[in-house]
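# Fold and geometry: a report
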Amino acid sequence: MSVPLAVLFTQSLSSASKVSNLPTVDDYTQELIQSTLKDILTLSSRIAGLSLFSPNEMLEDISTSDLVYLLVPYVLAEVRGRVRTMEHGERILVLKQMQKDLKTFLSCLDNYEIVPQDERRLYDRRASAIADPAKRRELKIKQYQKEKDLKARIESLRKRRRKTPLLDDVATDFDLIASLLPSESMRSGDEEDDIDSETEDILRQATLLLLRLKYAQTQSQLENLEQELELLAQAPPSPPRPSYQEADDRRTKIRKNDNDMWKLDAPQSSLGADGKGPLLDSSGKVLRPFTILPSNAAERARLQQQVFGPGHRLPTMSIDEYLQIEKERGNIITGGGPASETALTSSEQLSLDAEMDGTLDSEEKSETKRLKDENWARFTDENPRGAGNTMNRG
């Protein structure tokens, strides 16, 4: 007995959703991808054999439960994109198959005129073909806003069907497609789960909106595929891959060389009874551990004492001691500041002390001031003003 289409499509979508969250480099993931591709190809051939979709039909002629199968080529292309490839030629073949599937999906939507004309004109424009950055950015913003509006309308319809909202960090597009398929209770024919006219109308609207959303995403994906194909066509050819036996032998040889390079402790027998055999072999390979030290015992002892010492020179005096030495050397200038502005000069202090009559100190200061004035008068007589001006006379 053949599996119903809804069951086969649900199983394929469940596997595709699981594959989208697994790393493609794992062998288990690739086995699951191949199994999913086999189921989807079987589903696609059965749909073609049943003639669910005919170019002679209109959109109104397709039942609501069959609309979701228009997404089979899109799902097939998405799963193909997860296939692991090792060479440029294999990747190019996969990309061309994806292009064929996506174009088949777009052709079906165009035949039934599911996408409105304004949306088709919006997404048929390629952003990469626009030279003006401002216009290219404006086009991308419009396309993004349209996709966001479609997603919001789909989520609103799903809530009306009493479906829980999909979580962005858990669910995938495959889960969203699977939510449009009839549940197991509906497929079993329970009367309480029969679809009424209102529910069927909501389901049809949600399916059509999802098809329009995938139309927008497919146009962008086709542009990315063309760019990747162009890059692969310009890339240099891949080097020939060695056989598995040669790869294993090469890895074993590299591992052995690495071990020999970093392993310094050779067998005891090759070092002699005292472990002091030759340091290097004929090829320069180190045979035993060694330490480089000076031949002088005193120097070795000094170096040994510095092993646990600080890595920098320690201070030999305090800051106060250093300032005292600098002061004794005359390298520190004292005085100055606001106090020196109000202090008397030596001549002013001498005149003040000489005016203090009746004291011995006053008489001495008066005599000192008289001698100073007399010396200054003698100097001015011997050196008239301007006598030293030999360059700018006048």
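Read on for a plain summary of the structure. (Residues numbered from 1 in each chain as written. Predicted model: local features only at pLDDT ≥ 70, side-chain atom pairs only at ≥ 80, totals over all residues. Heavy atoms only, no water.)

### A look at a nonpolar patch on the surface
- Nonpolar side chains collect at one region of the surface, where Met317, Ile319, Tyr322, Leu323, Ile325 and Ile332 lie side by side and expose about 550 Å² of accessible area between them.
- For Ile332, the position within the fold is in the loop between α13 (319–328) and α14 (338–342).
- Using a relative accessible area of 36% as the deciding quantity, one classes Ile332 as partly exposed. (Patch = residues over 30% accessible without salt bridge, like charges linked within 9 Å, V, L, I, M, F, W, Y side chains within 5 Å. Areas by Shrake-Rupley, 256 points an atom, 1.4 Å probe, with all protein chains shown as cover. Salt bridge = Lys/Arg side-chain N within 4 Å of Asp/Glu carboxyl O. Helix = DSSP H or I, 4+ residues; strand = E, 2+ residues; numbered from the N terminus. Buried < 20%, exposed > 50% of the residue type's maximum accessible area, 1.4 Å probe, protein only.)

### Observations regarding the packing of aromatic side chains
- Summed over all chains, the structure comprises 4 aromatic pairs.
- Taken together, a centroid distance of 5.7 Å and an interplanar angle of 45° make the contact between Tyr74 and Phe105 tilted. Separated by 31 residues along the polypeptide, Tyr74 in helix α4 (residues 72–80) and Phe105 in helix α5 (residues 88–111) bring together distant segments of the chain. When sorted by exposure, Tyr74 lands in the same class as Phe105, which is buried.
- Ring geometry for Trp376 versus Phe379: centroids 5.6 Å apart, planes at 25°, classification stacked. In this pair, Trp376 and Phe379 are both assigned in helix α16 (residues 360–382), 3 residues apart and thus about one turn of the helix distant. (Phe/Tyr/Trp six-rings, centres within 6.5 Å; stacked < 30°, edge-to-face > 60°.)

### Concerning unusual backbone geometry
- Here the phi dihedral of Ser51 falls at roughly 55°; this positive angle occurs in a residue that is not glycine.
- Counting through the fold element by element, Ser51 comes out in the loop between α2 (27–50) and α3 (64–67).
- Notably, Glu113 is not glycine yet its phi reads approximately 55°, a positive angle.
- With respect to the helices, strands and loops of the structure, Glu113 is situated in the loop between α5 and α6 (117–124).
- When its relative accessible area of 60% is taken as the criterion, Glu113 is described as exposed.

### Re the pattern of salt bridges
- Here the structure, examined in full by the defined rule, presents 15 salt bridges.
- Linking Arg84 and Asp27 is a salt bridge whose minimum nitrogen-to-oxygen distance equals 3.2 Å. In this pair, Arg84 is assigned in the loop between α4 and α5 and Asp27 in helix α2, connecting sequence segments 57 residues apart.
- Between Arg302 and Glu299 there is a salt bridge; the shortest N-O distance is 2.4 Å. Here Glu299 and Arg302 lie together in helix α12 (residues 297–305), a separation of 3 residues that amounts to about one turn.
- Take Glu299: its relative accessible area is 27%, and that puts it in the partly exposed class.
- A cluster of three or more residues bridged by salt bridges with shared partners is formed by Glu367, Arg370, Glu374 and Arg378.

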